[in-house]
Structure formats: structure tokens, C-alpha cells
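Notes for the structure review
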Amino acid sequence: MRTLIVGGVAGGMSAATRLRRMDETAEIIVFERSGHVSFANCGLPYYVGGVITHREALLLETPESINTRFQADVRVNTEVTAIDRAAKTVSVRDLATGREYTESYDNLILAPGAAPFVPPIPGAERALTLRNVADTDAMAAKVDDVLAGSEKSAVIMGGGFIGLELAENFVERGLKVTVVELANQIMAPLDVEMAIRVQWELESRGVDVITGVSVTEIGEGTVTLSDGGTLPAGMVIAAIGVRPE
Ligand SMILES: Cc1cc2nc3c(=O)[nH]c(=O)nc-3n(C[C@H](O)[C@H](O)[C@H](O)COP(=O)(O)OP(=O)(O)OC[C@H]3O[C@@H](n4cnc5c(N)ncnc54)[C@H](O)[C@@H]3O)c2cc1C
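So, here's what we can say about the structure.

Basis of the calculations
Residues numbered from 1 in each chain as written. Predicted model: local features only at pLDDT ≥ 70, side-chain atom pairs only at ≥ 80, totals over all residues. Heavy atoms only, no water. Helix = DSSP H or I, 4+ residues; strand = E, 2+ residues; numbered from the N terminus. Buried < 20%, exposed > 50% of the residue type's maximum accessible area, 1.4 Å probe, protein only. Contact = heavy atoms within 4.5 Å. Areas by Shrake-Rupley, 256 points an atom, 1.4 Å probe, with all protein chains shown as cover. Pairing = 2+ DSSP bridges. Axes fitted to C-alpha atoms, helices over the stretch in contact; angles between N-to-C directions. 1 Å grid on protein atoms, 1.4 Å probe; cavity = no way out; pocket = protein on both sides within 12 Å on 5 of 7 lines; lining within 4 Å. Points joined across faces, edges and corners; volume = space filled by probe spheres on them. Domains from an automatic or database assignment. Near = heavy atom within 4 Å. Polar contact = N/O pair within 3.5 Å; in protein donor to acceptor, adjacent residues only side chain to side chain. Sits in = over half its atoms within 2 Å of the grid points. Nonpolar A, V, L, I, M, F, W, Y, C, P; charged D, E, K, R; others polar.

1. Some remarks on the overall build of the chain
Helix and strand counts for the chain stand at six helices and 17 strands. Taking the principal axes of the C-alpha coordinates as reference, the chain spans close to 60 × 40 × 35 Å. Residues classed as buried in the chain amount to 41% of the 245 residues present. The long-range fraction of contacts in the chain, counting pairs at least 24 apart against all pairs at least 6 apart in sequence, stands at 60%. Put simply, the chain shows about 12500 Å² of open surface, and 53% of that area lies on carbon and sulfur atoms.

Put into C-alpha cells, the structure is as follows:
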């Protein structure tokens, strides 16, 4: 039995390792578009903030370690571009070399996850998002750049878990942080009586929190808000949720 798995993070690697535990003979191939598998997503904001100091701490497994422990063929920088369900094959592109090939399967598991949503506003391409290790490296480098410049500030669109974790870590790095949240409270899963306490805690640490307002445009070093206001922004983060891939 040959099982192909698309996506090599939490869902895909859990499926691969569980399958190995259930079947010693299965052939397992995992395709992962990014350069890393099974990394510590939850730690990414804390690496940006310098709380996690060693990058290797984010990388729980490598393709080699998975292969050694679970005899799974893990192919990073490799994208599955199409599925032919009748023929039971997938089309694959090696992103490093551009080589395209097909692989056949008995079972196909899709674990492609979800990508950060960036609103279609002018200047949206200037917003950074955080999902994987490459994003983390880019964000950490941007924080260094911003701290070296004159506008040492960040605007974070979105007052959910990832937005607030980044706020905490940007403060740790010395940035002036504003969280802009479209809803009337941050932390949508909480009742407002609890969410306001989280907001007060953020404010006590110097974070500005603006609710009931959205970012309508991202300029060079500023953002425009739906109430007509503008904010200085050395960097801008979109942390307003994800969309299934
Ligand atoms: C910054 C951050 C902090 C988080 N903190 C926490 C936390 O503290 N607690 C918690 O419980 N959860 C946390 N999460 C959420 C958790 O990381 C996700 O729920 C989890 O990663 C989802 O795993 P997944 O495998 O379904 O999808 P993903 O992690 O999205 O992985 C899917 C992978 O599939 C790959 N892929 C997609 N399409 C293809 C294709 N066609 N071919 C090949 N590969 C493809 C993608 O490149 C991606 O790497 C956090 C997430 C982030 C981003």
C-alpha cells in the first residue's frame, strides 16, 4: 500500500507517523511545499521576539530524522499541483529544480492547512504574515531593519491569538506597537468582560489597541484607518485569520 500525503506540518506528519505505527510495511511519501516539516508553529512568534533564541529549537524534525525513525520519504520544497483521481496519480513539482513528475497512490491524504488572509487593500503587498519558518526569518529580519531605522513601530492588523502573540514579542524587541481590530473587542472567543482585561494588560505594557476600525490602506511607513485616521508604521502585520488551501 502506497500512501501519499500532501502537507508536512501538524496534520500531514501526524498522519504519516500514525500510519507507520499502524502498518510497518506501508510505503509513505510526504510532499511539503516549504523547506521544513513538523516545525514548532507555536514558537514562531517567540523566535521573532528573541524569547526563543535558537532557531534549531523551532525545527523539531528534519526529513532525514523522519526517514530514520519512521521510514517515510519526506520531500520538502516539493509541491503537489494536481490530482488525477481516475488514474490515482498526483502531479508533483520539485521547486528547487523545476522538475515535474507524477506519483501513483493507493491512498491520498490531503493536509495542506490554511494560509494567512491578507485583505485586498491598497499596499497589501507590504503586509507581512506569519505561518512558517521562512515567514519567521523574514519577519525577524524586518524587525531588525525597523529597529535600525527612525520609525520603530509596528501596526498589527488583527487582535486574535497570533496578532497578540506578535504584539507581546514586538514589545519585547523594543517596537512601539498598535493593534488594529475590526471587531469591537480583541480576542473574539472571549466574552467582552474578559477581552477588556486582556486589552488593559496590553495597554499597561505600552501597546495601543484600537477596536471597531480596520486598516484601509498600507502606505510607505504609514497605514490609513477606516475612521480616516493614519498611524505611523515601520512594519505592518496581517494577522486577521486564515483561509483553507
Ligand atoms: C504563528 C502561529 C502560532 C500558533 N500557535 C499555536 C498555539 O500556540 N497552539 C495551537 O494549538 N496552535 C497554534 N497554531 C496553529 C497550528 O500551528 C495549526 O493549527 C497547525 O499548524 C495546522 O496544521 P496543518 O498541518 O493542518 O496545516 P499547516 O500548518 O498549514 O501545514 C500545511 C502544510 O501543507 C503545505 N502545503 C499546502 N499545499 C501544498 C501542496 N499543494 N503541496 C505540498 N505542500 C503543500 C504547506 O506549505 C504547509 O506547510 C499556531 C499557528 C501559527 C501560524
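2. Here's the deal with the sheet that holds strand β6 (residues 100–104)
Taken in spatial order, the three strands make up an open sheet running β4-β5-β6, and their pairing is antiparallel. The open sheet is flanked by β4 (78–84) and β6, the only strands paired with a single partner. Taking each pair of neighbouring strands and ignoring which way they run, the sheet shows an average axis angle of 30°.

3. A short note on the layout of surface pockets
By volume, the largest pocket amounts to about 960 Å³. Considering the residues around the largest pocket, the lining is formed by 42 residues, among which Pro112, Gly113, Ala114, Arg131 and Glu245 are closest to the centre. For the lining of the largest pocket, the secondary-structure elements that each account for two or more residues are α1 (10–22), α2 (44–48), β4, β8 (114–116) and α5 (161–173). Examining the composition of the lining of the largest pocket, we find that six residues originate from one element, β4, more than from any other. Here the lining of the largest pocket spans two domains, since at least three of its residues come from each of domain 1 (2–112) and domain 2 (116–244).

4. Let's talk about the site of the ligand
Every one of the 22 residues lining the ligand counts as a neighbour, but Gly11, Glu32, Asn41, Val80 and Arg131 are closest to it. Within the contact set of the ligand, a nitrogen atom lies 2.9 Å away from a backbone nitrogen or oxygen of Val80. Here Arg131 contributes a side-chain N or O atom positioned 2.7 Å from an oxygen atom of the ligand. Here the ligand has 1000 Å² of accessible area as a free molecule, and 71% of this is covered by the chains. The site holding the ligand turns out to be the largest pocket. Secondary structure elements with two or more residues in the shell around the ligand: α1 and β4. In terms of residue count, β4 provides more of the shell around the ligand than any other element does, three residues in total. Of the residues assigned to the shell around the ligand, the class counts are 12 nonpolar, five polar and five charged. In this structure, the shell around the ligand is formed jointly by two domains, domain 1 (2–112) and domain 2 (116–244), each of which donates at least three residues.

5. As for the environment of Ala72
Tracing the sequence through the fold places Ala72 in the loop between α3 (63–70) and β3 (73–75). Judged by its relative accessible area of 2%, Ala72 is buried. For the pair Ala72 and Leu19, spaced 53 residues apart in sequence, the C-alpha to C-alpha distance is 9.9 Å. Ignoring sequence-local partners within four residues, the contact set of Ala72 consists of Ile28, Ile66 and Asn67.

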